[in-house]
Amino acid sequence: MSRFLSNRFSALSPYTPGEQPTDMKYIKLNTNESPFEPSPRVIEAVNSSEVKKLNLYPDPSCVALIKKLAETYGVGEENVFVSNGSDDILNFSFMAFCDKDKGVCFPEISYGFYEVYAELYGLDYKKVPLNDDLSISPSDYYSAGNTIVIANPNAPTGIALSVDEIEGILKANPNDVVVIDEAYVDFGAESCLPLTKKYDNLIVVMTYSKSRSLAGGRLGFAIANEGLIRDLNTIKYSTNPYNINRLTLLAGIASLEDGEYYKNCNLDTARVREYTKSELKKRGFTLTDSLANFIFASSDKIGGEEYYLSLKSKGILVRHFGNEKINNFVRITVGTKEQMDALLTATDEILKEF
Ligand SMILES: *Cc1c(COP(=O)(O)O)cnc(C)c1O
């Protein structure tokens with residue numbers, strides 16, 4: 001910290017992204033990226049003649065992309081917001097809908113960024129404990145009296161709430177914004193997006209980073225009542241109006257024109273997830289019922305950190321979290337079948353050596 005940093009940030013501990021090491025080539029199963037390339041249509045759309053136009057600003061209103069998203073999801077254009085990754089939208093939501101007198105609550109074990117944003121804005125925040133099986137109890141969020149943020153499926157457990165359970169939370173909190181972060185919804189959970197037509201306090205946040213093979217493009221979107229979308233735009237136009245670059249806008253549109261490609265990729269991921277789960281179970285692992293593109297696994301034969309380090313020494317990267325309630329677990333991104341077979345082989349070797 002320099003002596004110039006504002007006091008209000010002096011205690012801030014920033015989010016730690018998953019490691020992106022360059023010392024050797026790893027099988028990367030640590031940041032929930034898709035193992036599949038973007039659709040061929042995306043690669044065609046982001047071509048050299050488009051690169052030549054990078055001297056020009058992108059369209060700040062993102063009209064073409066928003067139109068396509070509205071069509072795809074059966075909502076009005078006034079119900080769609082897009083930004084530079086869904087982290088950006090979560091950030092804007094904390095900025096827009098939380099305050100000194102309007103705190104925020106989120107699950108105690110969830111996406112680490114929620115707490116960082118709450119700290120960044122100096123909010124009162126409450127971390128709501130999970131059940132012993134690491135699931136979320138919807139009634140813990142009834143009449144919360146503050147903004148609610150829930151990842152569904154939750155991270156890093158992959159456990160999902162049903163749409164009815166989300167609706168229960170919405171009904172019990174008509175005067176507070178409920179942000180449902182559906183970063184992983186396309187791998188088998190049910191989206192609560194249709195509820196945005198019925199509840200003016202619901203924001204559904206989605207990303208291209210996981211199920212649309214575009215983590216490097218940085219694109220996220222939100223769907224909500226027109227009023228909430230207007231508020232998010234107020235924040236956007238007060239910070240960075242050109243928040244999505246020209247190439248990413250094109251990639252985002254082209255992705256939506258090839259929904260079939262991503263549907264097949266995501267089905268494949270769900271299949272490989274179930275295969276890997278059952279193989280790890282055979283090896284004595286305990287697993288959550290993950291509906292995401294990752295597996296959350298622990299073993300009583302080897303500690304989470306040791307398993308993570310042993311895999312790393314064999315060239316396979318997974319994610320281990322320090323939080324003591326989950327420090328016996330590792331989170332393993334679902335890659336290709338070949339990658340998961342390599343993980344299983346490495347696991348067998350590690351358990352034998354142990
Ligand atoms: C990956 C992830 C995000 C961030 O996605 P970007 O669109 O890449 O910023 C948001 N929420 C959760 C729960 C995630 O896992």
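Overview of the structure. (Residues numbered from 1 in each chain as written. Predicted model: local features only at pLDDT ≥ 70, side-chain atom pairs only at ≥ 80, totals over all residues. Heavy atoms only, no water.)

Further remarks concern the overall build of the protein chain. Per the secondary structure count, the protein chain includes 11 helices and 12 strands. Taking 20 Å as the expected radius of gyration for a compact globule of 354 residues, we find that the protein chain reaches 20 Å, a close match to that expectation. The principal-axis extents of the C-alpha atoms in the protein chain amount to approximately 55 × 50 × 50 Å. The burial tally for the protein chain puts 53% of its 354 residues in the buried class. A sequence separation of at least 24 residues applies to 72% of the contacts in the protein chain between residues at least 6 apart. Of the roughly 16,200 Å² of accessible surface on the protein chain, a fraction of 50% belongs to carbon and sulfur atoms. (Helix = DSSP H or I, 4+ residues; strand = E, 2+ residues; numbered from the N terminus. Rg over C-alpha atoms; globule rule 2.2 N^0.38 Å. Buried < 20%, exposed > 50% of the residue type's maximum accessible area, 1.4 Å probe, protein only. Contact = heavy atoms within 4.5 Å. Areas by Shrake-Rupley, 256 points an atom, 1.4 Å probe, with all protein chains shown as cover.)

A word on the nonpolar core. Counting 52 residues, the largest nonpolar core has Leu65 and Val82 as its most contacted members. Residue assignment for this core shows that the elements contributing at least two residues are helix 3 (63–73), strand 2 (80–83), strand 5 (147–151), helix 6 (163–171), strand 6 (178–181), strand 7 (202–207), strand 8 (220–224) and helix 8 (246–256). Looking at this core element by element, the count peaks at five residues for helix 8. Apart from the residues within four sequence positions on either side, leucine 65 is in contact with Val82, Tyr208, Leu219, Leu249, Gly252, Ile253 and Leu256. Phe97, Val116, Leu228 and Ile235 belong to the second-largest nonpolar core, a separate cluster that totals 28 residues. (Core = buried A, V, L, I, M, F, W, Y, C linked by side-chain atoms within 4.5 Å.)

Close to the ligand lie Gly85, Ser86, Asp87, Leu90, Tyr111, Asp181, Ala183, Tyr184, Thr207, Ser209, Lys210 and Arg218. In this structure, serine 86 approaches the ligand through a main-chain N or O atom, which is 2.6 Å from an oxygen atom. Cavity membership is defined here by more than half of the atoms lying within 2 Å of grid points; on that basis the ligand lies in the largest pocket. With three residues, the top contributor of residues to the shell around the ligand is helix 4 (residues 86–97). (Near = heavy atom within 4 Å. Polar contact = N/O pair within 3.5 Å; in protein donor to acceptor, adjacent residues only side chain to side chain. 1 Å grid on protein atoms, 1.4 Å probe; cavity = no way out; pocket = protein on both sides within 12 Å on 5 of 7 lines; lining within 4 Å. Sits in = over half its atoms within 2 Å of the grid points.)

Strand-to-strand pairing in sheets goes through backbone hydrogen bonds, with the strands running parallel or antiparallel. Here three strands make up an open sheet; going across it, the order is 9-10-12 and the pairing antiparallel. Of all strands in the sheet, those with a lone pairing partner are strand 9 (285–287) and strand 12 (329–333), marking the two edges. Across the sheet, the mean angle from the axis of one strand to that of its neighbour is 35°, orientation sign disregarded. Here five bridges tie strand 10 (residues 294–299) to strand 12, and the two strands are oriented antiparallel to one another. Bridge assignment links phenylalanine 294 to a residue of strand 12, and that residue is threonine 333. Those strands touched by helix 9 (residues 259–282) are strand 9, strand 10 and strand 12, and its axis lies near 5° from that of strand 10. (Pairing = 2+ DSSP bridges. Axes fitted to C-alpha atoms, helices over the stretch in contact; angles between N-to-C directions.)

Let us look at helix 11 (residues 337–353). Taking 1.5 Å of rise per residue, the 17 residues of helix 11 would be expected to cover 24 Å, and the 24 Å separating its terminal C-alpha atoms lies within 8% of that figure. Contact partners of the buried residues in helix 11: helix 9, strand 9, helix 10 (304–313), strand 11 (316–317) and strand 12. (Expected span 1.5 Å × (residues − 1).)

This part covers unusual backbone geometry. Across residues other than glycine, the phi torsion is negative in most instances, and most of the peptide bonds are trans. The linkage connecting asparagine 152 with the following residue, proline 153, adopts the cis geometry, with an omega of -5°. The amide bond that connects alanine 155 to the next residue, proline 156, takes the cis arrangement and shows omega of 0°. As for its position among the elements, proline 156 is in the loop between strand 5 and helix 6. Phi is positive for asparagine 32, close to 60°, though the residue is something other than glycine. Along the polypeptide, asparagine 32 turns up in the loop between strand 1 (27–28) and helix 1 (40–45).

This part is about the layout of surface pockets. Taken as a whole, the largest pocket spans an internal volume of roughly 1,100 Å³. As for the largest pocket, its lining consists of 45 residues, and the residues nearest its centre are Tyr15, Thr16, Tyr111, Gly112 and Arg319. Those elements that provide at least two residues to the lining of the largest pocket are helix 4, strand 3 (104–107), helix 5 (113–120) and strand 4 (125–128). If one sorts the elements of the lining of the largest pocket by residue count, helix 5 sits on top with five residues. Residues that form the lining of the largest pocket fall into these classes: 20 nonpolar, 14 polar and 11 charged. There is about 210 Å³ of room inside the second largest pocket. In this structure, the second largest pocket is lined by Thr72, Tyr73, Asp186, Ser211, Arg212, Ser255, Leu256, Gly259, Tyr262, Lys263 and Asn266. Breaking the lining of the second largest pocket down by element, the ones donating at least two residues are helix 3, helix 8 and helix 9. The residue inventory of the lining of the second largest pocket, partitioned by class, reads three nonpolar, five polar and three charged. (Points joined across faces, edges and corners; volume = space filled by probe spheres on them. Nonpolar A, V, L, I, M, F, W, Y, C, P; charged D, E, K, R; others polar.)

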